[in-house]
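Coordinate inspection notes
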Amino acid sequence: MNLAAPSFRIAIVGGGVIGLSCALEFARRGVSVTLFEKNELGRGASWAAAGMLAPAFEAAGEVDAHPRLFELCTASAKLWPSWAKRLEVDSGLSAGYDGTPAIAVSTSRTDLNQLQTLARALQERRVDFQRLDASELRQIDNSLSDRVSHGLRLPTDAQVDNRATIAALVRLCEQSALIEIENRELNLSIQEGVLSSSGFDATLVCAGWQTPHLQTVINGAPSLLETAETSLACVEAYGGQMLAVGRDADSPTHTIRAGDLYIVPKADRIIIGATVEPGRVLSEPEALVIENLQQRASDICPSLGHAKVREAWAGVRPGTPSHAPMIGATSVAGLFAATGHYRNGILLAPITAKILADTIIEGRTSKLAAAFAPAGFIPEAV
Ligand SMILES: Cc1cc2nc3c(=O)[nH]c(=O)nc-3n(C[C@H](O)[C@H](O)[C@H](O)COP(=O)(O)OP(=O)(O)OC[C@H]3O[C@@H](n4cnc5c(N)ncnc54)[C@H](O)[C@@H]3O)c2cc1C
């Protein structure tokens, strides 16, 4: 499909980091967009995230992940610095990008095993990293506890203040003459495998974990989108809870990964996360869970134990069994999808927008992008 003609219009359903990034990229390529968001722009999972941009820690050593997820994550991580710079220049706002490498540490035998697995995976993939002993770790970040014995420095893994990124994206979308924002749902209707959305030449659904459940009239009967595009049925909700504490002189200065716990310093706060709760659509955090996260963080950085909690929250990630997103054309003519970004939606926003603009506007796709297209999607790990 080639939509380069100026009269073409694309509808986007869902204004999270994925919908906003796509809207902006389509507009930058000269195509008109209407972005449908039923709540507030950017306040779903994209607001709840910790903003880690972590191809190595999230995708390199994951045995049950999609075979090309690491490659996709790495490609997007490489786009981030210039993508963030352009957001800043165009919006006049900070995009919050921070290229300081993350460190992965261990305080237990289990964490150490995980570090060793990660180091082997990075070596096999020829990805740069450094092993650190206890004293080297404390030289890099003196907030670390004496219990931290081993670590890896991960130059591939950066971070961003995702709420700053969202603010910059929202400003640019609101200012663009080619983007219209509608605060409502779009009626989807599919007749004999063809989407009919009046006034639009293509429709992109990126409603996060709710994408499979979008109300859709299929051959005249009310139904859910996953009934027509069955690859979406594997997208599930993964609840997550986190907190932020105040930042002071003793606070960590680096993103610290320790097993399933992470500590992410922002300019004005330290984020501590996160739970991964399959099937849970959480709207509020639970006090005991938040207390437990802070306690575990204080085993790694003792100063966090008495830091004042500034905020606690819950969010819902869209995930697939292979932890990979689904990006591209669906089996329904005129319908495109971008969902299932799991723990990497912030990281994958630039590449997702690029893939969809290439696919929908230019009518071309790369081999890497094709591996994540809904039609040929690999739901299970191989
Ligand atoms: C606790 C937590 C920590 C995370 N940490 C990280 C991290 O460190 N790094 C990282 O890269 N990723 C992280 N993630 C994952 C990341 O946040 C998600 O993958 C990403 O935000 C998904 O973006 P999205 O735009 O698909 O979804 P969302 O941000 O949820 O946006 C979807 C939007 O669609 C709207 N919508 C839904 N239904 C409709 C409808 N019918 N009509 C119109 N609009 C609709 C919703 O209101 C919402 O605004 C984290 C997520 C959580 C929850």
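Note that the structure is a prediction, hence the values are computed from the model and not measured.

Bringing the overall build of the protein chain into the picture now. When helices and strands are tallied, the protein chain shows eleven helices and 22 strands. Taken over C-alpha atoms, the radius of gyration comes to 21 Å for the protein chain, in line with the 21 Å a tight globule of 382 residues would show. Counting only C-alpha atoms, the protein chain reaches 65 × 40 × 35 Å along its principal axes. Classification of the 382 residues of the protein chain by burial places 51% in the buried group. In the protein chain, 76% of the contacts between residues at least 6 apart in sequence involve partners at least 24 apart.

Once the domains are mapped, the protein chain shows domain 1 (9-63 + 163-235 + 321-370) and domain 2 (102-155 + 236-317). Domain 1 and domain 2 are separated by 29 Å when their C-alpha centres are compared. Taken residue by residue, the interface counts 15 residues in domain 1 and 27 residues in domain 2. For the side of domain 1 that touches domain 2, the secondary-structure elements that each account for two or more residues are α2 (45-48) and α3 (55-60). The greatest single-element share of the side of domain 1 that touches domain 2, amounting to three residues, is contributed by α3. Across the side of domain 1 that touches domain 2, the residue classes tally to twelve nonpolar, two polar and one charged.

Taken together, the four bridges between strand β13 (residues 215-218) and strand β14 (residues 221-224) define a ladder with antiparallel strand orientation. For Val 217, the partnering residue across the bridge sits in β14 and is Pro 222. The antiparallel hairpin formed by β13 and β14 contains two residues in its connecting segment, where Asn 219 sits at a positive phi of about 45°.

Another aspect to go through is the site of the ligand. Taken together, 42 residues are adjacent to the ligand, and Gly 16, Gly 44, Gly 208, Gly 240 and Gly 345 come closest. Mapped by element, the contributors of at least two residues to the shell around the ligand are α1 (17-28), α2, β15 (236-246) and β20 (309-319). Broken down by element, the shell around the ligand gets its largest block of residues, four residues, from β20. Residues that form the shell around the ligand fall into these classes: 19 nonpolar, 17 polar and six charged. Each of two domains, domain 1 (9-63 + 163-235 + 321-370) and domain 2 (102-155 + 236-317), supplies a minimum of three residues to the shell around the ligand.

Spatially, β9-β2-β1-β12-β22-β21 is the arrangement adopted by the six strands of the open sheet, whose pairing is mixed. Either end of the sheet is taken by a strand with one partner, and the two such strands are β9 (179-182) and β21 (326-329). In this sheet, neighbouring strand axes are inclined to one another by 20° on average, regardless of whether the strands run parallel or antiparallel. Alignment of strand β1 (residues 9-13) against strand β12 (residues 202-205), held across four bridges, turns out to be parallel.

Once that is clear, we can look at the nonpolar core. Of all hydrophobic cores here, the largest spans 126 residues; its most connected members are Ile 12, Cys 22, Ala 23, Leu 204, Ile 263, Ile 272 and Leu 356. Residue contributions to this core peak at nine residues, all from helix α4 (residues 69-91). Taken domain by domain, the makeup of this core includes at least three residues from each of domain 1 (9-63 + 163-235 + 321-370) and domain 2 (102-155 + 236-317). Apart from the residues within four sequence positions on either side, Ile 272 is in contact with Met 242, Leu 243, Val 245, Ile 263, Leu 293, Gln 294, Ala 297 and Leu 304.

The next point concerns α1. In this model α1 runs 16 Å from its N-terminal to its C-terminal C-alpha over twelve residues, within 8% of the 16 Å that 1.5 Å per residue would give. The buried fraction of α1 amounts to eleven of the twelve residues, a majority that puts the element mostly inside the structure. By the burial criterion, the buried members of α1 are Val 17, Ile 18, Gly 19, Leu 20, Ser 21, Cys 22, Ala 23, Leu 24, Glu 25, Phe 26 and Ala 27. One or two positions beyond α1, positive phi appears at Gly 30, with a value near 85°.

Ordered by their spatial adjacency, four strands build an open sheet running β11-β10-β13-β14, and the pairing between neighbours is mixed. Each edge of the open sheet is held by one strand with a lone partner, namely β11 (194-195) and β14.

One way to put it is that α1 packs onto helix α10 (residues 349-362) with a least axis distance of 8 Å and a crossing angle of 50°. Considering the angle they form, α1 stands oblique to α10. The handedness of the crossing between α1 and α10 comes out as right-handed. The segment α1 lies against α10, with Val 17, Ile 18, Ser 21, Cys 22, Glu 25 and Phe 26 engaging Ala 349, Pro 350, Thr 352, Ala 353, Lys 354, Leu 356, Ala 357 and Ile 361. Class assignment for the residues of the contact of α1 with α10 results in ten nonpolar, two polar and two charged.

So, how was this worked out
Residues numbered from 1 in each chain as written. Predicted model: local features only at pLDDT ≥ 70, side-chain atom pairs only at ≥ 80, totals over all residues. Helix = DSSP H or I, 4+ residues; strand = E, 2+ residues; numbered from the N terminus. Rg over C-alpha atoms; globule rule 2.2 N^0.38 Å. Buried ≥ 20, exposed ≤ 12 C-beta atoms within 10 Å, placed from the backbone. Contact = placed C-beta atoms within 7 Å. Domains from an automatic or database assignment. Nonpolar A, V, L, I, M, F, W, Y, C, P; charged D, E, K, R; others polar. Pairing = 2+ DSSP bridges. Near = placed C-beta within 6 Å. Axes fitted to C-alpha atoms, helices over the stretch in contact; angles between N-to-C directions. Core = buried A, V, L, I, M, F, W, Y, C linked by C-beta atoms within 7 Å. Expected span 1.5 Å × (residues − 1). Parallel < 35°, antiparallel > 145°, perpendicular 65-115°, else oblique. Left-handed = near helix turned anticlockwise from the far one by under 90°.

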